[in-house]
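Listed here are the chains, written in short residue letters.
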Amino acid sequence: MRRVSTALMVGIVALTGASLASCNRNQANSSNPAVQQSSGAKATVPAAASPPDDGNWVMPGKDYASTRFSGLNEINPTNVKGLGLAFTFSTATTHGYEAPPLVVNGTMYLITPFPNNLYALDLTKPGAPQKWVFKPEPAAASQGEACCGTVNRGAVYSNGKIIFNTLDGQTIAVDASSGKQVWRTQLGNIQMCETITMAPLVADGKVLVGNSGGEMGVAGWLAALDEGSGKMAWKAFHAGPDKQVLIGPRFKPFYASDRGKDLGVTTWPPNAWKIGGGNVWGWISYDPTTKTIFYGTGNPGPWNADQRPGDNKWTTGVFARDVNSGEALWFYHTTPHDIFDHDDINESIIADIP
């Protein structure tokens, strides 16, 4: 099931009397103490996946390791009582709001639920006035295809562009300074009940996007677009023959139950995998050192599990893939034959654990 929260406007709090831009200046002294222990061995976030904090927030998970951790220290236990409202901004929608704002070099970027308007606010000026708004105008019919709310889970900043998805299955890149469109690619097909609600991730020049709609008889997939042009680089499905899932000689799952030829077909009734779900409507993590992405797949479909006997691979599990080719490296099936709608789309936090 999808979790929806509703809000009418975005409210920003800051220390009373403090400059809105000052949050970019005070940084934590440590590289990223996302996990701290008093002594002994401790889990650490790889530096490549979570570099020292520069005061910006360029992706929903904060960094490639998906820590959602800020090393900034201007607000602390001593002065937190001085927090007060700095400004408000209406998003002009009553739909579920699930997208964290981005902050990049003194500008805040907000992506709304349908109609997926993208706003830029100037944090260097009192009241954070609007710099520009980009209105993608997605197809109104997409609202009727979304199973669990017309939400959007965020945008990402990369190389001077804000990149986001629309409910009707488009991925759009916008110039962060001017608000002008750079490219637009249609990925989902609402005529097949596909929508897109996830936040993209940009890694090694690839824009990674997955679809929603497992409850509507949609085949789940993850696609990679070229960051510069928006053209398709690769696309991997989460059910079907190995060729479609991008499973080849590099695929090394730990458990024997995940080994075998075309398990994305044989663990389903005949042709049931074609509408089997396994969508990616959540989060993706990335290890720049190994060029590997990690992400979870959603529930199988239909919900009536009696209609799909078998393990229903490759749904409700975790994939590791090569970011450049999309090749599957391993898979862990957390819930074979998922009957509870568990999904596995939550963050995979990257850490080195002794």
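Residue positions are counted from 1 within each chain, in the order its sequence is given. Local features in this predicted model are restricted to residues whose pLDDT is 70 or higher, and side-chain atom pairs enter the listing and the counts only when it is 80 or higher, whereas totals over whole chains, interfaces and linings include all residues. Values shown for side chains rest on all heavy atoms present in the structure; no hydrogens or waters enter the calculation.

A.B. asks: An account of the overall build of the protein chain is needed here, citing residue identities and associated values.
C.D. replies: The way it works is that DSSP assigns letters per residue, a run of H or I at least four long becomes a helix, a run of E at least two long becomes a strand, and they are numbered from the N terminus. A count of helical and extended segments in the protein chain gives 2 helices and 18 strands. A simple rule labels every residue: compare its accessible area, found with a 1.4 Å probe on the protein chains alone, to the largest value its type can have, and call it buried under 20%, exposed over 50%, or partly exposed in between. In the protein chain, buried positions account for 53% of the 354 residues. By sequence separation, contacts in the protein chain at least 24 residues apart represent 61% of the contacts at least 6 residues apart. A total of about 15,300 Å² of accessible surface is found on the protein chain, and carbon and sulfur atoms cover 55% of it. Should any heavy atoms of two residues lie within 4.5 Å, those residues are considered in contact. To be clear on the numbers: accessible area is Shrake-Rupley with a 1.4 Å probe, and residue cover counts the displayed protein chains and nothing else.

A.B. asks: Can you lay out the state of the cysteines for me, pointing to particular residues and giving the numbers?
C.D. replies: One covalent bond between the sulfur atoms of two cysteine residues makes up a disulfide. Any pair of cysteine sulfurs within 2.5 Å is marked as a disulfide. Taken as a whole, this structure holds 1 disulfide when the rule is applied. With a sulfur-sulfur separation of 2.2 Å, Cys147 is cross-linked through a disulfide to Cys148. Measuring the twist about the S-S bond at about -95°, one finds the Cys147-Cys148 disulfide to be left-handed. Under the relative-accessibility criterion, Cys148 is labelled buried at 15%.

A.B. asks: Go over the nonpolar core, please, and point to the residues and values.
C.D. replies: As a rule of thumb, nonpolar side chains are buried together in soluble globular proteins. What we call a nonpolar core is a set of buried Ala, Val, Leu, Ile, Met, Phe, Trp, Tyr and Cys residues that are connected through their side-chain atoms within 4.5 Å. Formed by 35 residues in total, the largest nonpolar core has its most connected members in Leu208, Ile284, Ile293, Trp314 and Phe319. If you list the elements that add at least two residues to this core, you get β11 (201–203), β12 (206–210), β13 (221–226), β14 (232–237), β15 (284–287), β16 (292–296) and β18 (328–332). Counting residues per element, this core draws most heavily on β13, which supplies 5 residues. Core analysis: the next-biggest nonpolar cluster, separate from the first, contains 15 residues, Ile111, Leu118, Phe134 and Val174 among them.

A.B. asks: Let's hear about the sheet that holds strand β5 (residues 118–122): which residues, and what values?
C.D. replies: Should DSSP find at least two bridges between two strands, the strands are regarded as paired. Read across the open sheet, the 4 strands follow the order β3-β4-β5-β6; overall the sheet is antiparallel. Unpaired on one side and paired on the other, β3 (102–104) and β6 (130–134) mark the two borders of the sheet. Along the sheet, successive strands turn relative to each other by an average axial angle of 20°, direction set aside. Axis definition: a line fit to C-alpha positions, over the contact stretch in the case of helices; interaxial angles, taken between N-to-C directions, run 0 to 180 degrees.

A.B. asks: Break down the sheet that holds β16 for me, citing the residues and quoting the values.
C.D. replies: Spatially, β15-β16-β17-β18 is the arrangement adopted by the 4 strands of the open sheet, whose pairing is antiparallel. Of all strands in the sheet, those bounded by a partner on one side alone are β15 and β18. The average angle at which neighbouring strand axes cross in this sheet is 20°, direction not considered. Where β15 meets β16, 4 bridges bridge the pair, whose relative direction is antiparallel. In the sheet register, Ile284 faces β16, and the bridge partner there is Tyr295.

A.B. asks: Explain the layout of surface pockets to me, and be specific about the residues and the numbers.
C.D. replies: Think of a 1 Å grid over the protein atoms and nothing else: a 1.4 Å probe that fits but is trapped marks a cavity, an open set flanked by protein within 12 Å on at least five of seven lines marks a pocket, and residues with an atom within 4 Å of a point count as lining. Grid points are joined across faces, edges and corners, and a volume is the space filled by probe spheres set on the points. For the second largest pocket, the calculated volume is near 330 Å³. If you go around the second largest pocket, you meet 22 residues; those closest to its centre are Pro51, Val58, Met59, Lys62 and Asp63. Counting residues per element, the lining of the second largest pocket draws most heavily on strand β7 (residues 156–158), which supplies 3 residues. Taken together, the residues that form the lining of the second largest pocket break down as 11 nonpolar, 5 polar and 6 charged. In this classification, Asp, Glu, Lys and Arg are treated as charged, Ala, Val, Leu, Ile, Met, Phe, Trp, Tyr, Cys and Pro as nonpolar, and every other residue, Gly included, as polar.

A.B. asks: Before we move on, could you go through the packing of aromatic side chains and cite the residues and values that matter?
C.D. replies: Each Phe, Tyr or Trp ring (for Trp, its six-membered ring) is paired with any other whose centre lies within 6.5 Å, and the angle between the two planes then decides the class: stacked below 30 degrees, edge-to-face above 60, tilted in between. Applying the stated criterion across every chain yields a total of 12 aromatic pairs. Connected via pairs of aromatic rings, a cluster forms that spans Phe251, Tyr295, Trp314, Phe319 and Phe331. We call a charge positioned above a ring when the Lys NZ or Arg CZ atom is no farther than 6 Å from the ring centre and deviates by at most 35 degrees from the ring normal. A cation over a ring is seen here: Lys62 above Trp57, with NZ or CZ 5.6 Å from the ring centre. Across from the ring centre of Trp283, 4.7 Å away, lies the NZ or CZ of Arg68, which sits over that ring.

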